[in-house]
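Spelled out, the chains give:
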Amino acid sequence: GVLERSREQLLRQTCEAVLLGVLHPRTAISLVLQVLSDAGSLLSCCLNAACMALLDAGLPLAALFCGVTCALQPDGTILLDPTARQEQEARAILTFAIASRERKVLMATTKGSCSVEEMQQCLAAAQSAASTIFQFYRDSVHRRYSKC
Amino acid sequence: LSICFRTVEPLEYYRRFLKENCRPDGRELGEFRTTTVNIGKCLCSITTADGSALVKLGNTTVICGVKAELAAPAVDSANKGYIVPNVELPSLCAERFRSGPPGEEAQAASQFIADVIENSQMIVKEDLCIANGKLAWVLYCDIICLDYDGNLLDASVFALLAALKNVQLPLVTINEETGLSEVNLKQKNPLIIRKHPVATSFAIFDDTLLIVDPTAEEEDLATGTVTIVTDEEGRLCSVHKPGGSPLTGAKLQDCITRAITRHKEVKKLIDKVIKSITPK
């Protein structure tokens, strides 16, 4: 449906921004994501899966990216990586794709409305949380290659 | 000679203008194209729709028609009506669109408009309910692009807002004895629009420069796009950055500031047009 099409556009353009496609002319790189279970923060999970798959494929990337979802609760507190229940109760959900270089914003999408200050706070929280995810990438790749 | 250069090296051609802080059509980097809007049955030619509006942003022309129909509400939300937006990019608006099932751009735009309506709460679905669990309004909002010259999302959101402001819903009562609905076409009430969201789109060039209201040519040369939707209280209804060049938080903040200024200009324009068509 239209929701899947919209998510595909977000993922495709995020991947295209980091992939050095110039090094692979006349090539189609196809990324297939199958949702096994959805317990909240689905889009950022897809982003992380996409980045790790591109890493595993050995494709040349200009930067790594990770997905972070922030939920703004009715009382104003910011919750990172919300569950499905927390997402339903939140008054706004913001998903960012943060690049590994200088923690710049590659992709942003919001659900619900928030003030400008709240968005900046969520962005700052997402940028600091990105470091944890990039460390996870490092550990996973290290684990994979230390076995062989 | 400049036409040959423009065809052969479009990006270099553009960079020369951007260095002087302007664009080939004479606009500055933060300047919008001339915006015109026609609302209602007299000016905008859809006589069969309950509300309609035609918006022109430079050459980009978008028409929105709103049809109201009756339906039974869903079981889990018995007091809510429905709003169904649909964006169409027919093959007549640009060469790149072929006839057939809607392409990715049209579907993504439809989802974007649905999100804007939901996020901004411009129409509260409870307002569309007539009888709890029995009858509710369905608003079919069809947004059709007649001429695509970039910045589809801004024009679509504007056309939708203008068309919804123009919608007059007839009074519907349910007859107690027969249980059937009676539509009174003589008594019409306007829709309650709670918020007025306005979209502002930017194109990112060479990872650093941000230009407002890109044309189709600029969109093709750009390395990314950002669309910010704000409402009249300065709240963010949507930050839509589908991939593209990475931006710092500060650059995003600049976009938001420009979007808030744009909101005021658009709101003034809509109010002026509505006032001019309302019979005294």
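Residues numbered from 1 in each chain as written. Chains lettered and ligands numbered in written order. Predicted model: local features only at pLDDT ≥ 70, side-chain atom pairs only at ≥ 80, totals over all residues. Heavy atoms only, no water.

Student: Break down the sheet that holds strand 3 (residues 92-99) of chain A for me, citing the residues and quoting the values.
Tutor: Two strands in a sheet stick together by hydrogen bonds in their backbones, pointing the same way (parallel) or opposite ways (antiparallel). Residues and elements named next belong to chain A. Here we have four strands laid out as an open sheet, ordered 2-1-3-4, and antiparallel in their pairing. A strand with exactly one partner marks an edge of an open sheet, and here the two such strands are strand 2 (78-80) and strand 4 (105-111). When the angles between neighbouring strand axes are averaged without regard to direction, this sheet yields 20°. Examined bridge by bridge, strand 1 (residues 65-72) and strand 2 share three bridges and lie antiparallel to one another. The residue bridging Ala 71 from the neighbouring strand is Leu 79, located in strand 2. Of the strands in this sheet, strand 1, strand 3 and strand 4 are in contact with helix 2 (residues 42-56), which crosses strand 1 at around 170°. This element, helix 4 (residues 116-146), spans strand 1, strand 2, strand 3 and strand 4 of the sheet and lies at about 140° to strand 1. (Pairing = 2+ DSSP bridges. Helix = DSSP H or I, 4+ residues; strand = E, 2+ residues; numbered from the N terminus. Axes fitted to C-alpha atoms, helices over the stretch in contact; angles between N-to-C directions. Contact = heavy atoms within 4.5 Å.)

Student: Tell me about the confidence of the model for chain B, and name the residues and values.
Tutor: Averaged over every residue, the pLDDT of chain B is 90; the share at 70 or more is 98%. For this predicted complex, the interface score ipTM comes out at 0.91, while the overall pTM is 0.93. (pLDDT = per-residue confidence, 0-100.)

Student: Describe the UniProt feature "domain: Exoribonuclease phosphorolytic" (unreviewed entry) in chain A, and please don't skip the residues or the numbers.
Tutor: Residue and element names in this part refer to chain A. On the UniProt side, "domain: Exoribonuclease phosphorolytic" (unreviewed entry) is annotated at positions that read residues 8-60 and 64-128 here. Segment residues 8-60 splits into 49% helix and 0% strand. End C-alpha atoms: 21 Å apart. Its end C-alpha atoms 15 Å apart, residues 64-128 is made of 29% helix and 40% strand. (UniProt positions renumbered as here; feature names shortened; annotations may be inferred.)

Student: How would you sum up helix 1 (residues 2-18) of chain A? Please name residues and give values.
Tutor: Taking 1.5 Å as the rise per residue, helix 1 of chain A with 17 residues should run 24 Å; its terminal C-alpha atoms sit 25 Å apart, in good agreement. Within helix 1 of chain A the residues assigned to the buried category are Ser 6, Gln 9, Leu 10, Leu 11, Thr 14, Cys 15 and Val 18 of chain A. For helix 1 of chain A, the elements touching its buried residues are helix 2, strand 1, strand 3 and strand 4 of chain A together with helix 4 (104-120) and strand 12 (236-240) of chain B. (Expected span 1.5 Å × (residues − 1). Buried < 20%, exposed > 50% of the residue type's maximum accessible area, 1.4 Å probe, protein only.)

Student: A description of the interface of chain B and chain A should follow, citing residues and the corresponding values.
Tutor: Each partner contributes residues to the interface: chain B has 26 residues there, and chain A has 29 residues. Roughly 2,500 Å² of surface becomes buried between chain B and chain A when both sides are summed, with 54% attributable to carbon and sulfur atoms. It is Glu 104, Arg 235 and Leu 236 of chain B that lose the most area in chain B upon contact with chain A, and together they represent 22% of the buried surface on that side. The closest approach of N and O atoms between Glu 104 of chain B and Arg 12 of chain A, which form a salt bridge, is 2.6 Å. (Buried area = accessible area lost by both parts, 1.4 Å probe. Salt bridge = Lys/Arg side-chain N within 4 Å of Asp/Glu carboxyl O.)

Student: Just give me the short version of the sheet that holds strand 10 (residues 209-212) of chain B, but keep the residues and values in it.
Tutor: Residue and element names in this part refer to chain B. Strand order in the open sheet formed by four strands is 10-9-11-12, with antiparallel pairing between adjacent strands. The sheet terminates laterally at strand 10 and strand 12, the two strands that pair on one side only. Taken over all neighbouring pairs, the strand axes of this sheet differ in orientation by 20° on average, direction set aside. As paired elements, strand 9 (residues 198-205) and strand 10 share four bridges and run antiparallel to each other. If you follow Phe 202 over to strand 10, its bridge partner there is Val 212. Docked against the sheet, helix 4 engages strand 11 (224-230) and strand 12, running at close to 150° with respect to strand 12.

Student: Give a description of the environment of Ala 90 of chain A that names residues and reports values.
Tutor: Residues and elements named next belong to chain A. Position of Ala 90 among the secondary structure elements: in the loop between helix 3 (84-89) and strand 3. Of the residues examined, Ala 90 reaches a relative accessible area of 15% and is grouped as buried. Put simply, Ala 90 and Asp 56 are 34 residues apart on the chain and 35 Å apart in space, counted from C-alpha to C-alpha. Discounting residues that sit within four places of it in the chain, Ala 90 has contacts with Ala 71, Leu 72, Gln 73 and Pro 74.

Student: Lay out the pairing of strand 8 (residues 181-190) of chain B in plain terms, naming residues and giving numbers.
Tutor: All names here are of chain B. Here seven bridges tie strand 7 (residues 168-174) to strand 8, and the two strands are oriented antiparallel to one another. Within the sheet, the bridge partner assigned to Thr 173 lies in strand 8 and is Glu 182. Hairpin connection from strand 7 to strand 8: six residues lie between these consecutive antiparallel strands, with Gly 179 at a positive phi of about 80°.

Student: Run through the pattern of salt bridges, naming residues and quoting values.
Tutor: Two side chains with opposite charge may pair up if their charged atoms get near one another. Residue and element names in this part refer to chain B. Counted according to the given criterion, the structure contains 22 salt bridges over all chains. For Asp 206, the salt bridge identified is with Arg 15, shortest N-O distance 2.7 Å. Pair noted here: Asp 206 is in the loop between strand 9 and strand 10 and Arg 15 is in helix 2 (residues 10-19), with a separation of 191 residues, a long-range link. Among the salt bridges present, the one from Glu 218 reaches Arg 27, with a minimum N-O distance of 3.9 Å. Note that Glu 218 is positioned in helix 6 (residues 216-221) and Arg 27 in the loop between helix 2 and strand 1 (35-39), a separation of 191 residues in sequence. Arg 27 carries the same exposure label as Glu 218, and that label is buried.

Student: I'd like to hear about the nonpolar core, residue by residue, with values.
Tutor: In terms of nonpolar packing, the biggest core is built from 57 residues, with Ile 123, Leu 139, Tyr 148 and Leu 164 of chain B touching the most fellow members. Counting residues per element, this core draws most heavily on helix 5 (residues 152-166) of chain B, at 11 residues. With sequence-adjacent residues up to four places away left out, Leu 139 of chain B is seen in contact with Val 66, Lys 67, Ala 68, Tyr 82, Ile 83, Val 84, Ile 123, Leu 128, Leu 164, Leu 169 and Leu 191 of chain B. Judged by nonpolar contacts, the second largest core, of 55 residues, contains Cys 15, Leu 59 and Val 116 of chain A together with Leu 210 of chain B. (Core = buried A, V, L, I, M, F, W, Y, C linked by side-chain atoms within 4.5 Å.)

Student: Outline the packing of aromatic side chains, listing residues and values.
Tutor: A full pass over the atoms with the stated rule returns five aromatic pairs over all chains. Pairing Phe 134 of chain A with Tyr 137 of chain A gives two aromatic rings, centres 5.8 Å apart and planes at 80°, and the pair type is edge-to-face. Residue Phe 134 of chain A and its partner Tyr 137 of chain A are located together in helix 4, separated by three residues, close to a single helical turn. Residue class for Phe 134 of chain A comes out buried when judged on its relative accessible area of 6%. You can call Tyr 137 of chain A buried: its relative accessible area is 2%. A centroid spacing of 5.8 Å and a plane angle of 10° characterise the contact between Tyr 14 of chain B and Phe 205 of chain B, whose relative ring orientation is stacked. Taken as a pair, Tyr 14 of chain B in helix 2 and Phe 205 of chain B in strand 9 lie far apart in primary sequence, 191 residues in all. Both residues of the pair, Tyr 14 of chain B and Phe 205 of chain B, belong to the buried class. Site record: aromatic cluster; members linked through ring pairs are Phe 5, Tyr 13 and Phe 17 of chain B. Arg 144 of chain A extends its terminal NZ or CZ atom over the ring of Tyr 145 of chain A, reaching a point 4.9 Å from the ring centre. When the ring centre of Phe 32 of chain B is taken as origin, the NZ or CZ atom of Arg 262 of chain B, which lies over that ring, is 3.6 Å away. (Phe/Tyr/Trp six-rings, centres within 6.5 Å; stacked < 30°, edge-to-face > 60°. Lys NZ or Arg CZ within 6 Å of the ring centre and 35° of its normal.)

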